[in-house]
Structures are given as structure tokens and as C-alpha cells.
Amino acid sequence: MRIEADRDKCAGLGMCEAMAPDFFEVDEEGTVLVLVEQPGEEHRQDLEAAVVSCPVLALKLRD
């Protein structure tokens, strides 16, 4: 599994960081940083929740 973030779409609201702080961080410029690009499968549920919480649809999980 791989996390993809569209930094151009990101509004910096931080929902992803709130849901999965080990994997996402909003930087000083107000855009998302992916901290772990290829997380283990055991994190899928938390990551799916973070992806769905993004109001601008800037995040995706790829298998």
C-alpha cells in the first residue's frame, strides 16, 4: 500500500494529521507531508479513515 497526497489540492486543514499523526503532517506552508509513504497493511483502517476525512480529496491509498 502507498499513500499519495496531492499537495496542490491540499487546503492544510489537518484532518489527516488529526486522524493519523504518525503518517501525516501539515507543514509550515499549510500543505500535507506524507511521513511514511509505504505503511504496513496493519495501518489500513486508520489510513482509510484519514483519507476519507480529507474535505478536499487530496489523499489516496494505492495498492
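Structure report, in brief. A quick note: this is a predicted structure, and the numbers were derived from the prediction, not measured. (Residues numbered from 1 in each chain as written. Predicted model: local features only at pLDDT ≥ 70, side-chain atom pairs only at ≥ 80, totals over all residues. Heavy atoms only, no water.)

### With respect to the overall build of the chain
Then, in step 1: Within the chain one finds two helices and four strands.
Then, in step 2: Walking the chain from its N terminus toward its C terminus, one meets helices and strands in the order β-α-β-β-α-β.
Then, in step 3: Taking 63 residues into account, the globule formula puts the C-alpha radius of gyration at 11 Å, and the chain, at 10 Å, falls close to it.
Then, in step 4: Its C-alpha atoms put the chain at 30 × 20 × 15 Å along the principal axes. (Helix = DSSP H or I, 4+ residues; strand = E, 2+ residues; numbered from the N terminus. Rg over C-alpha atoms; globule rule 2.2 N^0.38 Å.)

### Focus on unusual backbone geometry
Trans peptide bonds make up most of the peptide bonds, and negative phi angles are found at most residues other than glycine.
Then, in step 1: A positive phi angle is found at Leu 57, which is not glycine, with a value near 60°.
Then, in step 2: Examined against the element boundaries, Leu 57 turns out to sit in the loop between α2 (44-53) and β4 (59-62).

### Here's the deal with a nonpolar patch on the surface
Then, in step 1: Taken together, the side chains of Leu 33, Leu 35 and Val 36 define a hydrophobic patch exposed on the protein surface, amounting to about 200 Å² of accessible area.
Then, in step 2: In this fold, Val 36 is placed in the loop between β3 (32-34) and α2. (Patch = residues over 30% accessible without salt bridge, like charges linked within 9 Å, V, L, I, M, F, W, Y side chains within 5 Å. Areas by Shrake-Rupley, 256 points an atom, 1.4 Å probe, with all protein chains shown as cover. Salt bridge = Lys/Arg side-chain N within 4 Å of Asp/Glu carboxyl O.)

### Overview of α2
Along an α-helix, a turn takes 3.6 residues, which lines up residues three or four apart on a common side.
Then, in step 1: What α2 keeps buried is the set Arg 44, Leu 47, Ala 50, Val 51 and Ser 53.
Then, in step 2: Where α2 is buried, its residues meet β1 (2-5), α1 (15-19), β2 (24-26) and β4. (Buried < 20%, exposed > 50% of the residue type's maximum accessible area, 1.4 Å probe, protein only. Contact = heavy atoms within 4.5 Å.)

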